[in-house]
Amino acid sequence: MKEKIKINFCNSLKIWVDSNFKGTQHELGKFFNVSQGYISNVLAGRRCGDETWRRFVAAKIGMDYDAMVGIEKGKSQNLSKKIVPIDPAVEFLKECIQEAEAEDYLNDKQKQALLQIIRDELKSAEKKAKQDIKKYLKVLRG
């Protein structure tokens, strides 16, 4: 079972990297606080880190750890499909950083502050949309 978890984690991470990370392995290693050689071994499936590191990686990229390692929650999950991060604010921030090529200019505290701003804006937009829908429904109902 442990071997399957490691294989699934490495495969899930490779899928995420292929879909979402445009930098070098050196930059990816820096992003995950490991060396370029270590991340190379992880992506090749030769090493997958301990559970603490794997959970750190899952949280850092905004993915559910259980889904990454193939632990079922209800129906079985197909890890060969692209795994979608659970936090849209994290995904949005990563896309903006990659587009701006500003990865090296933001430290973790700055990224957390931006994430909080994005989350607050998303909540505000959702609240406003709900209010607008209620108003339109009220008008339509007469």
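Residues numbered from 1 in each chain as written. Predicted model: local features only at pLDDT ≥ 70, side-chain atom pairs only at ≥ 80, totals over all residues. Heavy atoms only, no water.

S.K.: For the state of the cysteines, give the residues involved together with the corresponding values.
M.R.: By the definition in use, this model includes one disulfide. Residue pairing for Cys-10: its cysteine sulfur links by disulfide to Cys-48, the two sulfurs lying 1.8 Å apart. On the sign convention where negative is left-handed, the bridge of Cys-10 and Cys-48, at about -125° about the S-S bond, is left-handed. Placement of the pair is Cys-10 in helix α1 (residues 2–20) and Cys-48 in the loop between α3 (36–43) and α4 (51–60), with a sequence separation of 38 residues. Residue classification places Cys-10 among the buried residues on the basis of a relative accessible area of 3%. The exposure class of Cys-48 is buried, given its relative accessible area of 7%. (Disulfide = S-S within 2.5 Å. Helix = DSSP H or I, 4+ residues; strand = E, 2+ residues; numbered from the N terminus. Buried < 20%, exposed > 50% of the residue type's maximum accessible area, 1.4 Å probe, protein only.)

S.K.: Can you explain the packing of aromatic side chains? Please cite residues and give values.
M.R.: Enumeration over the complete set of coordinates arrives at seven aromatic pairs. Between Phe-9 and Trp-53, the aromatic rings sit 6.1 Å apart at their centres with planes inclined by 70°, giving edge-to-face as the arrangement. One end of the pair, Phe-9, is in helix α1; the other, Trp-53, is in helix α4, with 44 residues separating them in the sequence. As far as burial versus exposure is concerned, Phe-9 and Trp-53 are alike and both buried. With centroids separated by 6.4 Å and ring planes inclined at 35°, the aromatic side chains of Trp-16 and Phe-21 adopt a geometry described as tilted. (Phe/Tyr/Trp six-rings, centres within 6.5 Å; stacked < 30°, edge-to-face > 60°.)

S.K.: Now, about the environment of Glu-95: what can you tell me, with residues and values included?
M.R.: Topologically, Glu-95 is positioned in helix α6 (residues 88–100). Residues Glu-95 and Phe-21 lie 74 residues apart in sequence; the distance between their C-alpha atoms is 9.3 Å.

S.K.: So what's going on with the nonpolar core? Residues and values would help.
M.R.: Within the largest apolar cluster, 24 residues are counted, with the highest numbers of intra-cluster contacts made by Phe-9, Leu-13, Trp-16, Leu-28, Phe-32, Trp-53 and Ile-61. Looking at this core, the elements that each hand over two or more residues are α1, α2 (25–31), α3, α4 and α5 (65–69). Of all the elements, α1 adds the most residues to this core, at six residues. One finds Ala-89, Val-90, Leu-93 and Leu-115 within the second-largest nonpolar core, a separate group that totals five residues. (Core = buried A, V, L, I, M, F, W, Y, C linked by side-chain atoms within 4.5 Å.)

S.K.: Outline the packing of α1 against α4, supporting the account with residue identities and numerical values.
M.R.: In the contact formed by α1 and α4, the axes pass within 12 Å of each other and the chain directions differ by 30°. One finds that α1 runs roughly parallel with respect to α4. Every pair of crossing elements has a handedness; the one defined by α1 and α4 is left-handed. Contacts between α1 and α4 involve Ile-5, Lys-6, Phe-9 and Leu-13 from the first element and Trp-53, Arg-54 and Val-57 from the second. Residues that form the contact of α1 with α4 fall into these classes: five nonpolar, no polar and two charged. (Axes fitted to C-alpha atoms, helices over the stretch in contact; angles between N-to-C directions. Parallel < 35°, antiparallel > 145°, perpendicular 65-115°, else oblique. Left-handed = near helix turned anticlockwise from the far one by under 90°. Contact = heavy atoms within 4.5 Å. Nonpolar A, V, L, I, M, F, W, Y, C, P; charged D, E, K, R; others polar.)

S.K.: Mind laying out α4, listing which residues take part and the relevant values?
M.R.: Among all positions in α4, only Trp-53, Arg-54, Val-57 and Ala-58 are buried. Projected onto a plane normal to the axis of α4, the buried residues spread over an arc of 140° and lie on a single side. Counted as exposed and oriented over 90 degrees from the buried face of α4: Thr-52 and Ala-59. Those residues of α4 that are buried are in contact with α1, α3 and α5. (Arc of directions from axis to C-beta.)

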